[in-house]
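Here are the chains, one letter per residue:
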Amino acid sequence: MNNIKYDFGMVGLGTMGSNLLLNMSDHGFSVIGYDKNPAQIKKLEEAGGNKPTVKGVDTAEKMVSALKHPRIIMMLVPAGKPVDSVISDLLPFLSKGDIIIDGGNSHYIDTLTRIKTLNDAGIHFMGIGISGGEDGARNGPSIMPGGDKTAYGYMAPILEAISAKVNGEPCVAYLGLGAAGHYVKMVHNGIEYAIMQSISECYDILKNGLHLNNDELSQVFQEWNKGELKSFLLEITALIFKKKDDSSQGFLVDKILDKAGAKGTGQWTSESGLDLPMPIPTIDSAVMMRTISSRKDERIKLHQIYRYEPKKIEANKDEFIKELKDAFYFTMMISYIQGLAIIEQASSELNMNIPLHDVVKVWRGGCIIRSEMLPLFMDVFKSDVKNVLENNAIKTKLLEKLPAIKSVISKAVNANFPPVAMMSSLGYFNSIVREKLPTNLIQAQRDFFGAHTYQRNDKEGIFHTIWETVL
Ligand code: 6PG
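Residues numbered from 1 in each chain as written. Predicted model: local features only at pLDDT ≥ 70, side-chain atom pairs only at ≥ 80, totals over all residues. Heavy atoms only, no water.

### Here we look at the nonpolar core
Counting 85 residues, the largest nonpolar core has Y183, F221, W224, I337, W363 and F377 as the members making the most contacts within it. Looking at this core, the elements with two or more residues in it are α8 (180–209), α9 (214–224), α10 (232–240), α14 (317–349), α15 (356–363), α16 (374–380), α17 (392–414) and α18 (420–432). Ranked by residue count, the leading element in this core is α14, at 17 residues. Two domains each provide a minimum of three residues to this core, namely domain 1 (8–174) and domain 2 (185–432). Aside from chain neighbours lying at most four places away, what touches F377 is M333, Y336, I337, L340, V360, V388 and I394. Formed by 32 residues, the second largest nonpolar core is a distinct cluster that contains M10, L44, V54 and I99. (Core = buried A, V, L, I, M, F, W, Y, C linked by side-chain atoms within 4.5 Å. Buried < 20%, exposed > 50% of the residue type's maximum accessible area, 1.4 Å probe, protein only. Helix = DSSP H or I, 4+ residues; strand = E, 2+ residues; numbered from the N terminus. Domains from an automatic or database assignment. Contact = heavy atoms within 4.5 Å.)

Structural data, given as structure tokens:
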């Protein structure tokens, strides 16, 4: 071992962990990684050009003793038990004031517990969301840190150097207290689910309603990925339709089984929405559609019974594609609105003090949900408006796209399509901007069968009625 005191330590030298270290090394920081697997250590050191400032070791002790004080150590291991086991592995070698970062997609409640336990031992624990996949980690991710602000100060120069940049500004900022970083990353993923679901609904309608082939699909998404809809997810979608299959004739996308996986962050976002409560139906519908898609055997069986198929959509092709683009815009905008609303609500419930302006700033580059729509949201949070829907620019955009989403949904539903993210977005909009809803009837029903009481719109108080008298 050499005598270098390293700037940053990493536990877990998988692709993400190694790429982040190599990114740091490119920016002049000395880095050391710990992994039990010698092959991963070798890979990191080779990729780092075998220079002493990019080092791999096989025990926690070796890594910890080679770090500068306070030690900054990131874990990039799967959420759940592995995180706790790495913490136990590190703890005997740490000193008061050292900082452990969980850079994975951990549940924010677990992060809160770990902050408390480690604080008692004098160790700072930071939950940091990192988005952008392998390429982002290597060349500039979006980073969502939360936790102790003083501890953040120690790592800020490193994170700012390695993050993605938009107009020269780093896509990292201190996002609040406690588990703020992991909460924001969880909701980032919830929005990711909603936008992906919405794109897949457009794909379904374009392919099975307008009978576009893969070349045409690629062209449509490429076209959409310009101007106001420019986004990472549309960009990769256009590329996916070009990819030929290596092992057979045709395109790879057509060979992929239609069962969507999920690691939990979307579901956690929905659960948090129910707990707070805060309505996020577009995100909920995206989570639900992944579950429906995973029930492939049941779908096959039911299809044989119902013989229910999507039909051709009878409409002018070019005009309909334009409408669909606007319907997608509406759904994407509502996805961001719901995501930001739940962050705002959770921030005040859990005293996280999350700066929404900075959340949007961090999301503008490097992350999976980056898009040209986000600068619009940054402008919203320049004023201290809490409810995005009150903003004039957002209102103008939603009203501009409203006729299109109504038209698309009615045509798609009539042709047997299930555009649930679009329907949820429209249903949310149609309800949230309405002064009166039919829930007076629900209150009457609750009071009728359960004496649950109700409030009146003409006088103060809590009321109960003996409804049976009308029988
Ligand atoms: C990112 C991604 C990343 C990961 C998701 C996938 O921001 O880089 O969100 O975190 O790809 O966890 O989640 P699912 O497996 O649940 O789709």
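Still more ground to cover, so stick around.
### What about the domain arrangement of the protein?
Splitting the protein by domain gives domain 1 (8–174), domain 2 (185–432) and domain 3 (439–470). Centre-to-centre separation of domain 2 and domain 3, based on C-alpha positions: 38 Å.

### So, the site of the ligand
Taken together, the neighbourhood of the ligand is formed by 14 residues, with S131, E192, Y193, K263 and R290 sitting nearest. With respect to the ligand, the side chain of N189 contributes an N or O atom lying 3.0 Å from an oxygen atom. With the chains in place, 79% of the 420 Å² that the ligand exposes on its own is no longer accessible. Among the elements that take part in the shell around the ligand, α8 stands out by supplying five residues, more than any other. In the shell around the ligand, the residues fall into three nonpolar, seven polar and four charged. Among the domains, domain 1 (8–174) and domain 2 (185–432) are the pair contributing at least three residues each to the shell around the ligand. (Near = heavy atom within 4 Å. Polar contact = N/O pair within 3.5 Å; in protein donor to acceptor, adjacent residues only side chain to side chain. Areas by Shrake-Rupley, 256 points an atom, 1.4 Å probe, with all protein chains shown as cover. Nonpolar A, V, L, I, M, F, W, Y, C, P; charged D, E, K, R; others polar.)

### Some words on the packing of helix α12 (residues 281–294) against α18
Viewed as axis vectors pointing N to C, α12 and α18 meet at an angle of 160°, and their least axial separation amounts to 8 Å. Relative to α18, α12 is oriented roughly antiparallel. The interaxial crossing formed by α12 with α18 has right-handed handedness. Side by side, α12 and α18 meet where P281, T282, S285 and M289 of the first sit next to V420, A421, S424, S425 and Y428 of the second. (Axes fitted to C-alpha atoms, helices over the stretch in contact; angles between N-to-C directions. Parallel < 35°, antiparallel > 145°, perpendicular 65-115°, else oblique. Left-handed = near helix turned anticlockwise from the far one by under 90°.)

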